[in-house]
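Chain and residue survey
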Amino acid sequence: MKRTELRDHIFKLVFEMEFNAAEDMEAQTKLYLEQLEEAKEKDLEYISKKAEKISEKFSEIDRLINDVAKGWKTSRMNKADLSILRLAVYEIRWDDDVPVGVAIDEAVELAKKYSGDDGPSFINGVLAKLVKT
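Presented here is a report on the structure given in the accompanying data block. Residue indices begin from 1 for each chain and proceed along its sequence in written order. Two thresholds apply to this predicted model, a pLDDT of at least 70 for residue-level local features and 80 or more for giving and counting side-chain atom pairs, whereas whole-chain, interface and lining totals are computed over all residues. No hydrogens and no water enter the side-chain calculation; it runs on all heavy atoms of the structure.

This paragraph deals with a positive patch on the surface. Taken together, the side chains of Lys 70, Lys 73, Lys 129 and Lys 132 present a region of like positive charge at the surface. Working definition: helices are DSSP H or I runs of at least four residues, strands are E runs of at least two. Numbering for both runs from the N terminus. Structurally, Lys 73 is set in the loop between helix H4 (58-68) and helix H5 (79-94). Patches draw on residues past 30% relative accessible area with no salt bridge. Two like charges within 9 Å are joined, as are two nonpolar side chains (Val, Leu, Ile, Met, Phe, Trp, Tyr) within 5 Å. Only the protein chains shown count as cover for residues, and all accessible areas are computed by the Shrake-Rupley method using a 1.4 Å probe. Each salt bridge in this description consists of a side-chain nitrogen of Lys or Arg and a carboxyl oxygen of Asp or Glu lying within 4 Å of one another. When charges are tallied, Lys and Arg are placed among the positive residues and Asp and Glu among the negative ones, while His and the ends of the chain are skipped. The atoms used to mark charge sites are NZ of Lys, CZ of Arg, CG of Asp and CD of Glu.

Within the secondary structure, Met 1 sits in the segment before helix H1 (3-16). Between the C-alpha atom of Met 1 and that of Lys 40, which follows or precedes it by 39 residues, the distance is 7.9 Å. Filtering out sequence-adjacent residues up to four positions away, Met 1 remains in contact with Leu 6, His 9, Ala 39, Asp 43 and Ile 47. In this analysis, two residues are considered to be in contact whenever any of their non-hydrogen atoms come within 4.5 Å of each other.

Below, the discussion takes up the side chain of Asp 62. You can see Asp 62 is positioned in helix H4. Take Asp 62: its relative accessible area is 13%, and that puts it in the buried class. Each residue touching Asp 62, except ones within four places of it in the same chain, is listed here: Thr 74, Leu 82 and Arg 86. Residue burial is assigned from relative accessible area. The probe radius is 1.4 Å, only protein chains are included, and a residue is buried under 20% of its type maximum, exposed over 50%, and partly exposed in between.

The next thing to look at is helix H6 (residues 100-114). Between its first and last C-alpha, H6 extends 21 Å over 15 residues, near the 21 Å set by a 1.5 Å rise per residue. Those residues of H6 that sit buried are Ala 103, Ile 104, Glu 106, Ala 107, Val 108, Leu 110 and Ala 111. The secondary structure elements touched by the buried residues of H6 are H1, H5 and helix H7 (119-132). A helix is expected to span 1.5 Å for every residue after the first.

Aromatic contacts are taken between Phe, Tyr and Trp rings whose centres are within 6.5 Å, Trp giving its six-membered ring; a plane angle under 30 degrees counts as stacked, one over 60 as edge-to-face, and the others as tilted. With the rule as written, the count across this model stands at 5 aromatic pairs. Through successive ring pairs, a cluster of aromatic residues spans Phe 11, Phe 15, Phe 19 and Tyr 114. Placement of a positive charge over a ring is assigned whenever Lys NZ or Arg CZ falls within 6 Å of the ring centre and within 35 degrees of the normal to the ring plane. Directly above the aromatic system of Phe 58 lies the positively charged group of Arg 86, at a separation of 3.9 Å from the ring centroid.

Following this line, the structure appears as structure tokens:
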């Protein structure tokens, strides 16, 4: 699986976390990954581990987002944008394998696919401010 496709699946798991209790996410993740019949074991492990690492940093990630998203607190954001931002912020701050520019570009592409008309520019703006701090 290409990195973009892996990121898409990670986004979907992070998005699911908004609608499931933490104690249910292990079972939900397992169900989700079982549907990826063509995926290799290493891809499945990468997806689940990265989604888990992101969830462990939610409070820290949300604080960083809230610090730069003027007029938009994470509690008011649509869940797709918030999930995209959480993934991108994690990659920017804690994933040394992903260059900052790639994390931002991929987040904007996810927003084009899963967010509303203003989503890509909103995501780009928040991440640009985050990178400057």
